[in-house]
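The residues making up each chain are set out below.
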Amino acid sequence: MPIALASVVPWGRSLDEYARMFALTPGDLASSILDCAGGPASFTAEMRRAGKQAVSCDPIYGFPANQIARRIDETAPEILERTRRTSENFIWTEFDSPERLVESRRDIMRLFLEDLPAGLAENRYRLAELPALPFRDREFDLALCSHFLFTYSNVLGLEFHTASIRELCRVAKQARIFPLFPQFGTERSPWVSSVTSQLRSDGYQCDIERVPYEFQKGADEMLRVSGT
Ligand SMILES: C[S@@+](CC[C@H](N)C(=O)[O-])C[C@H]1O[C@@H](n2cnc3c(N)ncnc32)[C@H](O)[C@@H]1O
């Protein structure tokens, strides 16, 4: 079902943040990567500039860049306000204030918006949504999913999470998911233990690993899953 742009709060992170959130090694960065739920992150734009291979998929890529830009303008003040109200749940070292965070995110999203038209033409941005992706089995070495699975645990259930991770492992040799906390949450999503037990009992290898990235307090772990 097509997503309504008005239901999306576009918010994007950079290649440097992805590298830390997912503990990406030089070998990982040289492999073929899918950024699933990539949204307005600059990961794929920056990978392209660095001469590396990445594809992002997201339901918002069905909208033109100017509509996505407008939605970013509409929602940035709401995010600023919510981040100010919950600022004690974040670590303010990398970004020293909610205002600087929003400024930095807007620069990152600008890189994405500039790259979007060329990236669509080159098939680097693909309109797709979990739990069913339009890619071949093992088309990618690595599938990354930042701030979507577990982040929206309040609205996306256990079955959706399990099916989505299986799908990421169908299209890539390995999937990595970050963070394991819900949005504005202070502890792991309740789905993490059930999803990993289910997947392990089906023969998937699941490892929770500490990574060198922590903005949401305590949320410094990613889930690495390899298929059967
Ligand atoms: C908070 S953003 C995260 C963007 C990016 N991954 C990052 O960390 O900067 C969440 C993204 O999930 C996308 N999304 C919503 N429903 C989805 C679905 N069913 N499958 C894949 N992505 C979805 C939204 O359009 C949005 O771009």
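Details of the structure are given in the entry above.
What you see is a predicted model, and the numbers here were worked out from it, not measured in a lab.

Caption draft 1: Geometry of the overall build of the protein chain. Of regular secondary structure, the protein chain possesses seven helices and seven strands. Moving toward the C terminus, one meets the helices and strands of the protein chain in the order α-α-β-α-β-α-α-β-β-α-β-α-β-β. Taken over C-alpha atoms, the radius of gyration comes to 17 Å for the protein chain, in line with the 17 Å a tight globule of 228 residues would show. For the protein chain, the spread of C-alpha atoms along the three principal axes comes to 45 × 40 × 35 Å. Buried residues in the protein chain amount to 52% of all 228 residues. In the protein chain, the proportion of contacts linking residues at least 24 apart, taken out of those at least 6 apart, comes to 72%.

Caption draft 2: Geometry of the site of the ligand. Near the ligand you find 19 residues, and of these R13, A37, D58, L130 and S146 are the closest. Residue Y18 places a side-chain N or O atom 2.9 Å away from a nitrogen atom belonging to the ligand. Take L130: an N or O atom from its main chain is 2.8 Å from a nitrogen atom of the ligand. Calculation on the ligand without its partners gives an accessible area of 600 Å², and the protein chains cover 93% of this total. In terms of residue class, the shell around the ligand is made up of 11 nonpolar, five polar and three charged.

Caption draft 3: Broad picture of the packing of helix α4 (residues 65-85) against helix α5 (residues 98-121). Where α4 contacts α5, the axes come no closer than 10 Å and their chain directions differ by 165°. Taken together, the axes of α4 and α5 lie roughly antiparallel to each other. In the packing of α4 onto α5, the handedness of the crossing is right-handed. In contact with A65, I68, A69, I72, D73, A76, L80, T83 and R84 of α4, α5 contributes P98, E99, L101, V102, R106, M109, F112, L113 and L116. Partitioned by chemical class, the residues of the contact of α4 with α5 number 13 nonpolar, one polar and four charged.

Caption draft 4: Examining the side chain of R224 more closely. Checked against the element boundaries, R224 lands in strand β7 (residues 221-226). A residue is classified by how much of its surface remains accessible, and R224, at 19% relative accessible area, is buried. At a separation of 3.2 Å, a polar atom in the side chain of R224 contacts the side chain of Q174. Those residues in contact with R224 that lie beyond four places of it in its chain are Q174, A175, R176, Q205, C206, D207 and E209.

Caption draft 5: Up close: the environment of S42. Relative to the elements of secondary structure, S42 occurs in the loop between β1 (33-36) and α3 (43-49). The spacing of S42 and F181 is 139 residues in sequence and 22 Å in space, taken between C-alpha atoms. Setting aside its immediate chain neighbours within four residues, S42 contacts R13, S14, L15, I108, L111 and F112. Looking at S42, its side chain comes within polar contact range of the side chain of E46, at 2.7 Å.

Caption draft 6: Up close: the nonpolar core. Grouped together as the largest cluster of nonpolar side chains are 39 residues, with contacts concentrated most on F22, F43 and L144. The leading source of residues in this core is α5, at six residues. Grouped together as the second largest cluster of nonpolar side chains are 29 residues, C36, C57, A175 and V225 included.

Caption draft 7: Fine view of the packing of helix α6 (residues 158-171) against helix α7 (residues 191-201). Contact geometry of α6 with α7 gives a least axis separation of 10 Å together with a crossing angle of 50°. Classed by the angle they form, the pair α6 and α7 counts as oblique. Considering how the two elements wind past one another, α6 and α7 form a crossing that is right-handed. Between α6, through L158, H161, T162, I165 and R166, and α7, the contact on the second element is made entirely by W191, S194, V195, Q198 and L199. Of the residues in the contact of α6 with α7, the class split is five nonpolar, four polar and one charged.

Calculation notes
Residues numbered from 1 in each chain as written. Predicted model: local features only at pLDDT ≥ 70, side-chain atom pairs only at ≥ 80, totals over all residues. Heavy atoms only, no water. Helix = DSSP H or I, 4+ residues; strand = E, 2+ residues; numbered from the N terminus. Rg over C-alpha atoms; globule rule 2.2 N^0.38 Å. Buried < 20%, exposed > 50% of the residue type's maximum accessible area, 1.4 Å probe, protein only. Contact = heavy atoms within 4.5 Å. Near = heavy atom within 4 Å. Polar contact = N/O pair within 3.5 Å; in protein donor to acceptor, adjacent residues only side chain to side chain. Areas by Shrake-Rupley, 256 points an atom, 1.4 Å probe, with all protein chains shown as cover. Nonpolar A, V, L, I, M, F, W, Y, C, P; charged D, E, K, R; others polar. Axes fitted to C-alpha atoms, helices over the stretch in contact; angles between N-to-C directions. Parallel < 35°, antiparallel > 145°, perpendicular 65-115°, else oblique. Left-handed = near helix turned anticlockwise from the far one by under 90°. Core = buried A, V, L, I, M, F, W, Y, C linked by side-chain atoms within 4.5 Å.

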